[in-house]
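Structure at a glance
Chain by chain, the residues:
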Amino acid sequence: MKKLVNFRIKYRIRLFFQKFKPLDYFKGTQLSENKKYAFIFLAADYGNLGDVAITYAQTKFLRENLRADFKVVEIPISQSLEGLHFVKQNIKPGDIVTSVGGGNLGDLYDQIEFIRQLAVSFFPKNRFISFPQTFDFGENKRGQEALKVAKEVYNKHPDLHFIAREKTSSALMKKHFSEANVMLTPDIVISLNKEHPKMTREGAVICMRSDKEKNLNTEQSNFILNSIKERFTQVTFYDTHIKRNKLSVKERELELNKIWDAFKGAELVVTDRLHGMIFCYITNTPCLVFQNNNHKVRETYDWIKENKNINLIDSFSESAIIDFLAQHNFDVGVISDLSHKYQPIKEVL
């Protein structure tokens, strides 16, 4: 908790002094009195393409499902200090505040969690919608202390709506955020369809984790890699993290299209990343998926498991991998229309 508290104190000090500084980043953002606004906090302008895709899909979803008199404004996570003051100065009754969906509701990414709590606290008179999230507070002392703080913040807001993207997260949100309206929908990226234009498929793409959510050990990872190299003459490595920050909207869309095209050009993608699996789904790419270290891959798979191209191995098995790779061709499915699954968000908008 020492690290968490220190960060919170430092951030509050910076936030206090920010209100005396010019809002340089938002100088070109013109807000009209005649329009209503939906603000998106925590918009990903860093190199995690899963989070970038969430921001892209959330912005698209809001623009398509809000009334015509609404305009969507992204607040990049790198500009959160300025953004909180900018929105505070401009927000009106009837405007909506949202936060980006993903897997950062918990103590694993505590700085992002803290910024969301600040946003919720800053705007008690406006509807606040947290887009599809995974509940990920640890069972250890640190996680439970962080959860206690989160409950105090979230249960105070009179018009807070939490959307879970898996059943486990939904149950935990309902238990701990009892004053909020909790809904259940798929990850917002699943609302996209990036199947077209179709491309000639050749070789395999490996898109595997190397971070704290990794579940496979070195021996297992090496077996997968060697098996793929034996099966395919062309093997490409493509991570969903490009290790760049402060990306413009144009740069973000360029990087998303690059990875989607890489997947559409592959006979098979092998991944243990949640959005590696989801990118395969929305591009209709055959995929072999391994579990990460929490429930989010397994339960997100439940939304899309009817599609033949998504193949999940629940627990590591050399024989299961060998049997799967023995196929001459891999199935390409039909992307299901899951738009009705997002009806709870449409209603709260």
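Report on the accompanying structure. (Residues numbered from 1 in each chain as written. Predicted model: local features only at pLDDT ≥ 70, side-chain atom pairs only at ≥ 80, totals over all residues. Heavy atoms only, no water.)

**Considering the overall build of the protein chain**
Put simply, the rule reads: Counting from the N terminus, the helices are the DSSP runs of H or I reaching at least four residues and the strands are the DSSP runs of E reaching at least two. In this description the radius of gyration comes from C-alpha coordinates, and the expected globular size is given by 2.2 Å times residues to the power 0.38. Only protein chains enter the calculation, and the probe is 1.4 Å; a residue is then buried if its accessible area is under 20% of its type maximum, exposed if over 50%, and partly exposed in between.
Within the protein chain one finds 12 helices and 12 strands. Rg of the C-alpha trace for the protein chain: 21 Å, near the compact-globule value of 20 Å for 349 residues, within the 12% margin. Overall, the C-alpha framework of the protein chain stretches about 60 × 45 × 35 Å when taken along its three principal axes. Taken over 349 residues, the protein chain has a buried fraction of 55%.

**Description of the packing of helix α7 (residues 218-231) against helix α11 (residues 318-325)**
In plain terms, the rule: Throughout, an axis means a line fitted to C-alpha atoms (over the contacting stretch in the case of helices), and angles, computed between N-to-C directions, take values from 0 to 180 degrees. Put simply, angles under 35 degrees are roughly parallel, angles over 145 are roughly antiparallel, angles from 65 to 115 are roughly perpendicular, and the rest are oblique. Two helices that cross are described as forming a left-handed crossing if the nearer one is turned anticlockwise from the farther one by less than a right angle, and a right-handed crossing if clockwise. Whether two residues are in contact is decided by their heavy atoms: any pair within 4.5 Å suffices. Just so you know the grouping, Ala, Val, Leu, Ile, Met, Phe, Trp, Tyr, Cys and Pro go in nonpolar, Asp, Glu, Lys and Arg go in charged, and all remaining residues, Gly too, go in polar.
Where α7 contacts α11, the axes come no closer than 11 Å and their chain directions differ by 20°. Judged on the interaxial angle alone, α11 and α7 are roughly parallel. Crossing of α7 over α11 shows right-handed handedness. Counting all contacts with α7, which are made through Phe 223, Ile 224, Ser 227, Ile 228 and Arg 231, the residues of α11 involved are Glu 318, Ile 321, Ile 322 and Leu 325. The class makeup of the residues in the contact of α7 with α11 is six nonpolar, one polar and two charged.

**A short note on helix α2 (residues 49-65)**
We count it as follows: Multiplying 1.5 Å by the helix residue count minus one yields the expected span of that helix. We define a polar contact as two N or O atoms separated by no more than 3.5 Å, with the added condition that, inside protein, one atom must be a possible hydrogen donor and the other a possible acceptor, whereas residues neighbouring each other in sequence contribute only through side-chain atom pairs.
In this model α2 runs 24 Å from its N-terminal to its C-terminal C-alpha over 17 residues, within 8% of the 24 Å that 1.5 Å per residue would give. Of all the 17 residues making up α2, 12 are buried; the element is thus mostly covered by neighbouring parts of the structure. Within α2, the full set of buried residues consists of Leu 49, Gly 50, Asp 51, Val 52, Ala 53, Ile 54, Thr 55, Ala 57, Gln 58, Thr 59, Phe 61 and Leu 62. Of the residues that open α2, the one with a side-chain oxygen 2.9 Å from the backbone nitrogen of Gly 50 is Asn 48.

**Looking at the nonpolar core**
As a reminder of what qualifies: The nonpolar core is taken to be a set of buried Ala, Val, Leu, Ile, Met, Phe, Trp, Tyr and Cys residues, with the residues joined through side-chain atoms within 4.5 Å.
Ranked by size, the top nonpolar core spans 95 residues in total, and within it Phe 41, Phe 177, Val 189 and Phe 279 carry the most contacts. For Phe 177, the residues in contact, after removing those within four places along its chain, are Leu 105, Phe 135, Phe 137, Leu 147, Ala 150, Lys 151, Tyr 154, Asn 155, Phe 162 and Val 182. By size, the runner-up hydrophobic cluster in this structure holds 16 residues, among which are Ala 204, Leu 268, Ile 321 and Leu 325.

**What about the packing of aromatic side chains?**
Threshold: Any Phe, Tyr or Trp ring, taking Trp's six-membered ring, that has another such ring centre within 6.5 Å forms a pair; planes under 30 degrees apart are called stacked, those over 60 apart edge-to-face, and the others tilted. Note on geometry: a ring has a charge over it if NZ (lysine) or CZ (arginine) is within 6 Å of the ring centre and within 35 degrees of the ring normal.
For the coordinates displayed, the defined rule picks out 24 aromatic pairs. With a centroid separation of 5.3 Å and 80° between ring planes, the pair formed by Phe 16 and Phe 17 is classed as edge-to-face. Every member of this aromatic cluster is reached through a ring pair, and the members are Phe 135, Phe 137, Tyr 154, Phe 162 and Phe 177. Directly above the ring of Phe 232 sits Arg 231, whose terminal nitrogen or CZ lies 4.8 Å from the centroid.

**What to know about the pattern of salt bridges**
A side chain with one charge can pair with a side chain of the opposite charge if their charged atoms come near. What counts is decided by this rule: Put simply, a salt bridge is a Lys or Arg side-chain nitrogen that is within 4 Å of an Asp or Glu carboxyl oxygen.
The final tally for this structure, using the stated rule, is 19 salt bridges. Lys 60 is the salt-bridge partner of Glu 64, the closest N and O atoms lying 2.8 Å from each other. With Glu 64 and Lys 60 both in helix α2, this residue pair falls four residues apart, about one helical turn. Judged by its relative accessible area of 32%, Lys 60 falls in the partly exposed class. Via salt bridges that share partners, Arg 244, Glu 251, Glu 255 and Lys 258 belong to a single interconnected network.

**As for the environment of Asn 329**
The residue Asn 329 is located in the loop between α11 and α12 (343-348) in this model. Asn 329 gets classed as exposed once you look at its relative accessible area, which sits at 55%. Taking the C-alpha atoms as reference points, Asn 329 and Glu 267, separated by 62 residues in sequence, lie 8.2 Å from one another.

**Quick look at a nonpolar patch on the surface**
Applicable threshold: Each patch groups residues whose relative accessible area exceeds 30% and which form no salt bridge, using 9 Å between like charges and 5 Å between nonpolar side chains of Val, Leu, Ile, Met, Phe, Trp and Tyr. Under the convention used here, a 1.4 Å probe and the Shrake-Rupley method define accessible areas, while residue burial counts only the protein chains that appear.
A surface patch of nonpolar side chains, amounting to about 530 Å² of accessible area, comprises Ile 9, Ile 13, Phe 16, Phe 17 and Phe 20. Along the chain, Phe 17 falls in helix α1 (residues 2-18).

**Describing unusual backbone geometry**
Backbone torsion omega between His 196 and Pro 197 reads 0°, so that peptide bond is classified as cis. Inspection of the secondary structure assignment puts Pro 197 in the loop between β7 (181-184) and β8 (204-207). A positive phi angle, near 55°, is found at Lys 243, a position not held by glycine. The topology assignment puts Lys 243 in the loop between β9 (235-237) and α8 (249-264). For Asn 284, which is not a glycine, the phi torsion comes out positive at approximately 55°. Examined against the element boundaries, Asn 284 turns out to sit in the loop between α9 (274-283) and β11 (287-290). On the basis of relative accessible area, Asn 284 is assigned to the buried category, the value being 2%.

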